[in-house]
Amino acid sequence: MEVDMENIQENLQNDEDSCVSGIASSSSDMQSLRATRPPVQRSNICSRAYFVVVMVFFHVYILNVIALLLYVHYNNGPRDLVSGDRPSSSSVGDGESPPHPAPRPREHREFEQSFRLSRIEGIRVGHVQPVSLVWDRTHKMKTLSLKPLLFEVPGFLSEEECRVVVQLAQLKGLMESQMTAPSWGQVEPDHPLLSLSTEEVFSLLDLNQDGLLQKQEIVSHSRSRDGTWMSPDNLRRILTGLEACAKRMLNLEEFKRVYDVSQGPGQEQNGKHRNQFKQKNKRTGLYQGPGSHHVLQTLRIRVNSLTRLPSALVDMSELLQVFRFEPGDFSDAHHDSSPPHKETVCSHTRLAGNTSMLTEVSCRYLTVLIYLSSVEEGGETTFPVADNRTYNELALVQDGVDLRDTQKTCGRGNLRIKPTAGTALLLYNHLSDGQGWMGELDEYSLHGDCPVKRGLKWVANSWVNVDPDYQMQARYQRLVAERHHAMSGMEEHSQPFSHLNLHQDL
């Protein structure tokens, strides 16, 4: 037994020695293996956390920048530019924050993006800037004047396009536009009203013959485009006198007093120096909407591109007017648009306003005049007071001759432009109100047509109508769209529409 126990212990000892030697051998092998493998760089846990923090802060910064840009865009976009009730920066004192504008109704907000009035910068007289009107070339637009803001675009139409417009006008038929109209603030010298006494005028206006004149009776005969019996200035004086009466009515004696004020010495003095507006030519209107000749539609698209105005404003403006001047034909210097008055209503937005309102006038933000032919001699477009330092209506009379009389003083105009076929003129008739909308009439936009001496002068006028009252223009736009939808149905919503669709003569 002892021998056996000794053998067992010896065997166990041998096994233990072999196990230890195996482990040692294995450990030695592992060390040799590590020695042969390339060293592996451990990842730095601190570096990974730092990278995550940096990326989080970077994304937060980008999101903040985007949010700031969106905030600036929606708080200083076109909505403020057309906001009539937002005070101007000049009315806010230093250190004062301007009050927030009152929110507009939803239907008004729908039109704010469309109704922003772009205005091209003139930079300086002679400045040339590129304009994109057609896909295959760039036109050059030259600044001719800063007062008024006037540009010239050669090659606006090709000679072939000019010829087509002239032929369409001839096909439509032209009518005489020889006319005489009193200027603003002037009663025509041979006007029948001057042969009527104040008592007779009072009796004619007193519709119900009750011996009292109410506002509606006073304005009942004044709603015409050129002021049938009373200019807006004179009418405003009469209505001011009416408002001063507690009864809001005028008897004969009170009417005599306010009527005499409206016809006072100042008015007579101005009227004495003002000639009648005269013109002699032939004209016609051409429809440019869907279904019209493709050249007329192309012309409308180029006007839209040149003016950079919303297409809705261009589409809903007047028909394209084409004029033909023969030898001896002319037009006196005049303004294409009218000064804004609260007693007047724009002819193009009368559908949206009170049709019983006062005198209807033309409200034309700008004029695009296109020469359709060159003229052998004469026929220049003249701007008598372009870029004068100041404007004074009485100063238009020099040596007893009115500069607006183009038959006598055409050569004395500050700026004269010779007609060249295909050339277009872009004229802003109104100043900006500083908030992206139409402001006061630019008195310097006075222009006329010199008498044609040899050849024929063909010219087309594309007027863009805008109401100085933003809300009235928006209401008009909405009413026209609603009427169109009611007449044409839902299937025609995608087609452009003009309120002149009723004039599809061609």
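Residues numbered from 1 in each chain as written. Predicted model: local features only at pLDDT ≥ 70, side-chain atom pairs only at ≥ 80, totals over all residues. Heavy atoms only, no water.

Caption draft 1: Region of the structure containing the overall build of the protein chain. What the protein chain contains, in helices and strands, is 14 helices and 23 strands. The proportion of buried residues among the 506 residues of the protein chain is 43%. Summarising the internal contacts of the protein chain: among those between residues at least 6 apart in sequence, 78% fall at separations of at least 24. When the accessible surface of the protein chain is summed, it comes to about 28,000 Å², and 53% of that surface belongs to carbon and sulfur atoms. (Helix = DSSP H or I, 4+ residues; strand = E, 2+ residues; numbered from the N terminus. Buried < 20%, exposed > 50% of the residue type's maximum accessible area, 1.4 Å probe, protein only. Contact = heavy atoms within 4.5 Å. Areas by Shrake-Rupley, 256 points an atom, 1.4 Å probe, with all protein chains shown as cover.)

Caption draft 2: Layout of the pattern of salt bridges. On inspection of all chains with the given rule, the structure shows 16 salt bridges. The shortest N-O distance in the salt bridge between Lys256 and Glu199 comes to 2.7 Å. In this pair, Lys256 is assigned in helix H9 (residues 252–262) and Glu199 in helix H6 (residues 198–205), connecting sequence segments 57 residues apart. Here Glu199 falls in the partly exposed class, since its relative accessible area comes to 36%. Measuring nitrogen to oxygen at the nearest pair gives 3.2 Å for the salt bridge that ties Arg454 to Glu377. Placement of the pair is Arg454 in strand E22 (residues 452–454) and Glu377 in strand E13 (residues 377–378), with a sequence separation of 77 residues. When its relative accessible area of 47% is taken as the criterion, Arg454 is described as partly exposed. Ionic contacts of the salt-bridge type, sharing partners, join the residues Glu176, Lys282, Arg324 and Glu326 into one network. (Salt bridge = Lys/Arg side-chain N within 4 Å of Asp/Glu carboxyl O.)

Caption draft 3: View of the pairing of strand E18 (residues 424–428). Most of E18 is tucked away: five of the five residues are buried. Bridging between strand E3 (residues 150–153) and E18 involves four bridges; their strand directions are antiparallel. Bridging from a neighbouring strand, Phe151 pairs with Leu426 of E18. Both strand E12 (residues 364–371) and E18 contribute to a ladder of five bridges, which runs antiparallel. Paired with Val368 across the two strands is Leu426, which belongs to E18. (Pairing = 2+ DSSP bridges.)

Caption draft 4: Seen up close, the packing of aromatic side chains. Evaluated as defined, the whole model comprises four aromatic pairs. Seen in terms of ring centroids, Tyr391 and Tyr444 are 5.7 Å apart; in terms of plane orientation they differ by 65°. Their pairing is edge-to-face. Here Tyr444 lies in the loop between strand E20 (438–441) and strand E21 (447–449) and Tyr391 lies in the loop between strand E14 (381–383) and strand E15 (397–398), a separation of 53 residues in the sequence. Residues Trp437 and Tyr470 carry aromatic rings whose centres are separated by 5.4 Å and whose planes lie at 85° to one another, so their mutual orientation is edge-to-face. Taken as a pair, Trp437 in the loop between strand E19 (430–432) and E20 and Tyr470 in helix H14 (residues 470–488) lie far apart in primary sequence, 33 residues in all. Taking relative accessible area as the criterion, Tyr470 reaches 5% and is therefore assigned buried. Over the ring of Tyr428 we find Arg119; its NZ or CZ atom is 4.6 Å from the centre of that ring. For the cation-ring pair, Arg364 lies above Trp463, with the distance from its terminal atom to the ring centre recorded as 3.6 Å. (Phe/Tyr/Trp six-rings, centres within 6.5 Å; stacked < 30°, edge-to-face > 60°. Lys NZ or Arg CZ within 6 Å of the ring centre and 35° of its normal.)

Caption draft 5: A look at empty space enclosed by the protein. Throughout the structure, instances matching the rule amount to three cavities of 30 Å³ or more. What lines the second largest cavity is simply Leu150, Asp336, Thr367, Leu369, Thr381, Phe383, Leu425, Leu427 and His447. Those elements giving two or more residues to the lining of the second largest cavity turn out to be E12, E14 and E18. Across the lining of the second largest cavity, the residue classes break down as five nonpolar, three polar and one charged. (1 Å grid on protein atoms, 1.4 Å probe; cavity = no way out; pocket = protein on both sides within 12 Å on 5 of 7 lines; lining within 4 Å. Points joined across faces, edges and corners; volume = space filled by probe spheres on them. Nonpolar A, V, L, I, M, F, W, Y, C, P; charged D, E, K, R; others polar.)

Caption draft 6: Highlighting the sheet that holds strand E8 (residues 320–325). One open sheet holds the nine strands; their spatial order is E1-E2-E3-E18-E12-E23-E8-E7-E4, and the pairing between them is antiparallel. Among the strands making up the open sheet, the edge pair consists of strand E1 (128–134) and strand E4 (175–176). Two elements, E1 and strand E2 (residues 137–145), share five bridges in a ladder whose sense is antiparallel. Within E2, the residue paired with Pro130 across the bridge is Lys140. Contacts from helix H5 (residues 159–172) reach strand E7 (282–286), E8, E12 and strand E23 (457–465) within the one sheet, and its direction differs from that of E7 by about 100°. (Axes fitted to C-alpha atoms, helices over the stretch in contact; angles between N-to-C directions.)

Caption draft 7: Region of the structure containing helix H11 (residues 294–307). The first and last C-alpha atoms of H11 sit 20 Å apart over 14 residues, in line with the 20 Å expected at 1.5 Å per residue. Here H11 has its buried residues at Val295, Leu296, Leu299, Arg300, Arg302, Val303, Leu306 and Thr307. Take H11 and look down its axis: the buried residues cluster within an arc of 165°, on one side only. The positive-phi residue at the C-terminal boundary of H11 is Arg308, with phi of around 60°. (Expected span 1.5 Å × (residues − 1). Arc of directions from axis to C-beta.)

Caption draft 8: Highlighting the side chain of Ser145. Inspection of the secondary structure assignment puts Ser145 in strand E2. Among the polar contacts made by the side chain of Ser145, one reaches the main-chain carbonyl oxygen of Pro148 at a distance of 2.8 Å. Excluding its chain neighbours within four sequence positions, the residues that come into contact with Ser145 are Val125, Leu150, Ala386, Asp387 and Leu415. (Polar contact = N/O pair within 3.5 Å; in protein donor to acceptor, adjacent residues only side chain to side chain.)

Caption draft 9: Quick peek at the state of the cysteines. Counted by the stated rule, this structure contains two disulfides. Between the sulfur of Cys346 and that of Cys363 lies a disulfide, 1.9 Å long from S to S. Between Cys346 and Cys363 the sulfur-sulfur dihedral comes to about -85°; the bridge is accordingly left-handed. Remark: Cys363 occurs in the loop between strand E11 (359–361) and E12 and Cys346 occurs in strand E10 (residues 344–346); sequence separation between them is 17 residues. Given the relative accessible area of 5%, Cys346 is considered buried. Across the protein chain, the disulfide pattern expressed with sequentially numbered bonded cysteines is 1-2, 3-4. (Disulfide = S-S within 2.5 Å.)

Caption draft 10: Spatial organisation of the side chain of Asp329. On the secondary structure map, Asp329 appears in the loop between E8 and strand E9 (330–334). Within the structure, Asp329 has its side chain in polar contact with the backbone nitrogen of Glu326 (distance 2.8 Å). Aside from chain neighbours lying at most four places away, what touches Asp329 is Lys280, Asn281, Arg324, Cys450, Pro451 and Val452.

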